[in-house]
Amino acid sequence: MDSIVAACLAFAEKAVDAVPDAKEAQKLGSLPTQALCEAAAAVTRRYADRTFNFCGIVNAKSGRCSENCSWCAQSRRFETGIEIYPLIDAERAVQAAKQAEANGLTRFSLVTSGRKLSPREVRETISLVRAIRSSTNLEVCLSAGLLTESELKSLSEAGVVRYHCNLESSRGYFPQVCSSHTTDDKIKTLSSARVAGMEVCSGGIIGMGETEADRIALALELRTLKVGSIPLNILAPIPGTALGNEPLLGDEEILRAVALFRLINPTAQLRFAGGRARLSPKVQKKAMECGINAAIAGDMLTTKGSAVDADKRLVVEAGYRLDDLKKFDAQHLWHPYASAALPPPVSVAAGGHGARIVLSDGRELIDGTSSWWCAAFGYNRPEIVEAIRKQAAELTHVMFAGFTHKPAVELGKRLIKLLPSKLTRLFYADSGSVAVEIALKLAVQYQMVLGRKSRTNFVTIRQGYHGDTWNAMSVCDPAAGMHTLFHGAMQQRIFIDAPRSVFGGEWNPQDVDELKAVLEKEGESIAALILEPVVQGASAMRFYHPQFLVEARRLCDAHGVLLIADEIATGFGRTGKRFACDWAGICPDIMTLGKALTGGAVSLSVVCVTNDVADAVSCHAPNALMHGPTFMANPIACAAGAAAMDVYMAEDWLTKVREIEAQMKEGLAPLAKLEGVLDVRVLGAIAAVEVKRAADNRILGPAFVREGVWVRPFGRIFYLMPPFVISREELKRLINAFSRVLTDWVEEKI
Ligand SMILES: *Cc1c(COP(=O)(O)O)cnc(C)c1O
């Protein structure tokens, strides 16, 4: 028995990332129920979402259906005595939705009868959806038949996030129970819904006379379509329909079906739908243990919360969580670069240590991102935590106008020691983007007070990233960057091509020609050149030749243009030097630092300025830099920064970064051979793999988490920027997991 369970587990493990072989899947059908259920229960605990997902539905249009589905009371071919009504109005839809929300549900589906909605009904449904979204926080799903792609698109834009269309039965059996449309019609609708930007929900009905082989075939078809939500209905024969006399399925056969669906679809939401009410609570609970982790709940318009409450008790008894952080998060919190209507999958982080993020369920992820590159010295670094604790007990905040304090001075002392000697003046700010704003503002003020009134613009290199605020956006890559949408609304900056000479390669002197030409032609309009030295991070993960910086420094001086080095990502050892500018041996006029400045503990940034610039701004009217964030030099943030700088200075991080570099170079090299990979590059503790197929973090995020690592690609760039404290063994595991998921992605197995 144990060996059968083990074989089932091995089957499901493979099914997580790849579509199982049909023959292998059919073999499951011959196995004893107990083994199937035992294996399915283990797979459910391991791979399926442990937060039970309920959705509510409303029958938004009933009866008079032209189709001939043999099980359905709504077909006009059967006399079933059901209530018949046209599409409900907004008031009724909102009332049903509010009832669902009051019952604690987060997802709500409008279900309509008929082959498909008419164009007029589509317009009315759009109004219903808008009305529901404006008065509740429910995620709205829709089940409205075989709609066209453009109809689905308009519904998606109205706020429908998931489209439902059941395949109902296997491709082989479906024609036995319905001849008015086909499995392919349904699949076409599902793929159109995807193209229109919606998730899909599709499952079927068991107990219509089909064999277990048909159920397996259906589960497999759904796995092939990568359906994330699979409703499982148990036929409730309705007198008057063609299947009105169909015998009821027994408990064992139902449990087998649940287990089979789970083994073939290990990560899907397996949703109990119609027909479960006749099962005993004991059997329902058993079904939940071996695979069911979602359900349609309540009978929206007629029952109160009681039915839902009973369901919830059962769910908790079966070992699921109900109302956790994720639910509120999905309904109310907006995540970075994310949709509020269709919130991305998130993990709940509860702690961290070293290179690991600890999840609320106790799992640990080896972090390949340093939390967007800031947690360089590890999570919850004891020295930094202690400094924060101590400072919080003394003084949490005081305005920096008219006051100074020890943490600001202590952090300043350490920075002055670390910075190139010409950078002597520090302006603290809240975040990287704000530091960039200040640097740009400072550069313009510098030019203004010196009487160079035409110098209000900036030049920068393409494929750069400098933050998400307005002016920072204006100097991000205008085409490839993430702010293209705003292009027309922003100040137009001067963009030149990023140097083509790569880091470690040969320097091509022509790389600087464009900058030279621009400064000669338009220099009088330019206040500063802003760039990320050596490593262009968040927009492209490119590593370019440091000689460009040497030339740029020289040209800026010759043309009275300031040089702003944005070291927010590269500062404090990330590239293998303390600052990336050190590769070129240059000193900028203004340097921005952030991210690792507090070891990733608290938001803080600093603008470091030469005396030349600081004096010019200070000795000319208005004799001040007109900038002052409320939380400037926050004492807790500065204390964290000072402790982080102590950590930085106490250890030989540059050697550690070189070791990480060597291990990543070796470990990632095999990826270069993959068909879908364009380039593999490593510099310091940064590795980037450029692939042909753009990343989708809705799929990749959970895939990496399953592998026990945290990686977050963007666009066609998969990268690793691990915390410097990562151990050799952890980095090995990270590289292996990264390579596995990346390989599956480029080979389109996930
Ligand atoms: C991250 C980053 C910023 C923006 O910093 P935030 O703290 O996210 O505002 C600016 N410049 C560079 C180079 C960065 O990597």
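What you see is a predicted model, and the numbers here were worked out from it, not measured in a lab.

**Student:** If you had to explain the packing of helix α9 (residues 212–224) against helix α10 (residues 251–264) to someone new, which residues and values would you point to?
**Tutor:** α10 packs onto α9 with a crossing angle of 30° between their chain directions and a minimal axis gap of 9 Å. Judged on the interaxial angle alone, α10 and α9 are roughly parallel. Where α9 crosses over α10, the two elements pack in a sense that is right-handed. Within the contact between the two elements, α9 uses E212, R215, I216, L218, A219, L220, L222 and R223 and α10 uses E253, R256, A257, L260, F261 and I264. Along the lines of polarity and charge, the residues of the contact of α9 with α10 split into 9 nonpolar, no polar and 5 charged.

**Student:** Tell me about the pairing of strand β14 (residues 457–461), and name the residues and values.
**Tutor:** Across the 5 residues of β14, 5 count as buried, placing the element largely inside the fold. Residues N457, V459 and I461 line one face of β14 and the alternating positions F458 and T460 line the opposite face, and both faces are buried. Pairing geometry for β14 and strand β16 (residues 526–531), over 4 bridges, is parallel. Following the sheet pairing, F458 is matched in β16 by A528. As judged from the 3 bridges shared by β14 and strand β15 (residues 494–496), these two strands associate in the parallel manner. Pairing of T460 across the sheet is with F495, part of β15.

**Student:** Requested: an account of the site of the ligand, with residues and values cited.
**Tutor:** Around the ligand, the neighbouring residues are W373, S431, G432, S433, Y465, H466, G467, E532, D566, I568, A569 and K595. At a separation of 2.6 Å, an oxygen atom of the ligand approaches a polar side-chain atom of K595. Coverage of the ligand by the protein amounts to 83% of the 380 Å² it exposes when considered alone. The residue makeup of the shell around the ligand, split by class, is 4 nonpolar, 5 polar and 3 charged.

**Student:** Pulling in residues and values, what's your account of the pattern of salt bridges?
**Tutor:** Enumeration according to the criterion identifies 37 salt bridges in this entry. A salt bridge links R414 to D646; the nearest nitrogen and oxygen atoms lie 2.7 Å apart. Here R414, found in helix α16 (residues 406–418), pairs with D646, found in helix α22 (residues 635–650); they are 232 residues apart in sequence, far enough to count as distant. Taking relative accessible area as the criterion, D646 reaches 36% and is therefore assigned partly exposed. Ionic pairing is found between E690 and R716, a salt bridge with its closest N-O pair at 4.0 Å. Of the two residues, E690 is situated in strand β23 (residues 686–691) and R716 in the loop between β24 (709–710) and β25 (717–720); the sequence distance between them amounts to 26 residues.

**Student:** Break down the domain arrangement of the protein chain for me, citing the residues and quoting the values.
**Tutor:** Segmenting the protein chain into domains produces domain 1 (2–332), domain 2 (349–379 + 653–746) and domain 3 (382–649). Between the C-alpha centres of domain 1 and domain 2 the distance comes to 36 Å. Between domain 1 and domain 2, the contact holds 6 residues from the first and 4 residues from the second. Interface area for domain 1 against domain 2, summed over the two sides, is near 420 Å², with a carbon-plus-sulfur share of 39%. Linking domain 1 with domain 2 are 2 salt bridges.

**Student:** Kindly report on helix α1 (residues 2–17), identifying the contributing residues and their values.
**Tutor:** With 16 residues, α1 should reach 22 Å at 1.5 Å per residue; the first-to-last C-alpha distance of 24 Å fits that figure. Those residues of α1 that fall on the buried side of the exposure criterion are V5, C8, F11, A12, A15, V16 and D17.

**Student:** Kindly report on the sheet that holds strand β20 (residues 590–593), identifying the contributing residues and their values.
**Tutor:** Reading across from one edge, β13-β21-β20-β19-β16-β14-β15 is the order of the 7 strands in this open sheet, with mixed pairing throughout. Single-partner strands in this sheet number two, and they are β13 (423–429) and β15. Each strand of the sheet is rotated relative to its neighbour by a mean of 20°, with strand direction disregarded. In this sheet, strand β21 (residues 605–610) lies alongside β13 in antiparallel orientation, the contact comprising 6 bridges. Of the residues in β21, the one forming a bridge with Y428 is V606. Strands in contact with helix α20 (residues 547–559) are β14, β15, β16 and β19 (562–566); relative to β16, the strand with the most contacts, it is inclined by about 170°. Of the strands in this sheet, β13, β19 and β21 touch helix α21 (residues 611–619), which is tilted by about 90° from β21.

**Student:** Outline the sheet that holds β25, supporting the account with residue identities and numerical values.
**Tutor:** Strand order across the open sheet formed by 3 strands is β22-β23-β25, with antiparallel pairing between neighbours. At either margin of the open sheet sits one strand with a lone partner, and together these are β22 (677–683) and β25. The sheet shows a mean angle of 15° between the axes of neighbouring strands, taken without regard to direction. Inspection of the sheet shows β22 paired to β23 by 6 bridges, in the antiparallel sense. Pairing of V680 across the sheet is with V689, part of β23. Packed on one face of the sheet, helix α25 (residues 728–746) meets β22, β23 and β25 and runs near 175° to β25.

**Student:** Quick one: what's the story with the packing of aromatic side chains, residue by residue and with numbers?
**Tutor:** Note on aromatic pairs: each is described by the distance of the centres and the angle between the planes. Evaluated as defined, the whole model comprises 15 aromatic pairs. Taken together through their ring pairs, the aromatic side chains of F377, F572, F579, Y648, W653 and F724 make up a single cluster. The aromatic ring of Y320 is capped on one face by R50, whose charged end is 4.4 Å from the ring centroid.

**Student:** If you had to explain the environment of F427 to someone new, which residues and values would you point to?
**Tutor:** In this fold, F427 is placed in strand β13. Measuring from C-alpha to C-alpha, the distance between F427 and G412 comes to 9.7 Å, with 15 residues separating the pair along the chain. Here F427 is in contact with I438, S605, V606, V607, L625, H627, P629 and M632, once residues within four sequence places are set aside.

**Student:** Mind laying out the pairing of β25, listing which residues take part and the relevant values?
**Tutor:** Burial along β25 is two-sided: the face carrying I717 and Y719 and the face carrying F718 and L720 are both buried. Of the pairings in the sheet, the one linking β23 to β25 comprises 4 bridges and is antiparallel in character. Across the sheet, the residue bridging to A688 is Y719, located in β25.

**Student:** I'd like to hear about unusual backbone geometry, residue by residue, with values.
**Tutor:** The omega angle of the peptide bond from A621 to P622 is 10°, so this bond is cis rather than trans. Assignment of secondary structure puts P622 in the loop between α21 and α22. The phi dihedral of F572 falls on the positive side, at around 65°, and the residue is not glycine. Residue position: F572 is located in the loop between β19 and β20. Of note in the backbone geometry, A633 takes a positive phi value of approximately 55° without being a glycine. The residue A633 is located in the loop between α21 and α22 in this model. Judged by its relative accessible area of 0%, A633 is buried.

Here is what the cut-offs are and how they apply
Residues numbered from 1 in each chain as written. Predicted model: local features only at pLDDT ≥ 70, side-chain atom pairs only at ≥ 80, totals over all residues. Heavy atoms only, no water. Axes fitted to C-alpha atoms, helices over the stretch in contact; angles between N-to-C directions. Helix = DSSP H or I, 4+ residues; strand = E, 2+ residues; numbered from the N terminus. Parallel < 35°, antiparallel > 145°, perpendicular 65-115°, else oblique. Left-handed = near helix turned anticlockwise from the far one by under 90°. Contact = heavy atoms within 4.5 Å. Nonpolar A, V, L, I, M, F, W, Y, C, P; charged D, E, K, R; others polar. Buried < 20%, exposed > 50% of the residue type's maximum accessible area, 1.4 Å probe, protein only. Pairing = 2+ DSSP bridges. Near = heavy atom within 4 Å. Polar contact = N/O pair within 3.5 Å; in protein donor to acceptor, adjacent residues only side chain to side chain. Areas by Shrake-Rupley, 256 points an atom, 1.4 Å probe, with all protein chains shown as cover. Salt bridge = Lys/Arg side-chain N within 4 Å of Asp/Glu carboxyl O. Domains from an automatic or database assignment. Buried area = accessible area lost by both parts, 1.4 Å probe. Expected span 1.5 Å × (residues − 1). Phe/Tyr/Trp six-rings, centres within 6.5 Å; stacked < 30°, edge-to-face > 60°. Lys NZ or Arg CZ within 6 Å of the ring centre and 35° of its normal.

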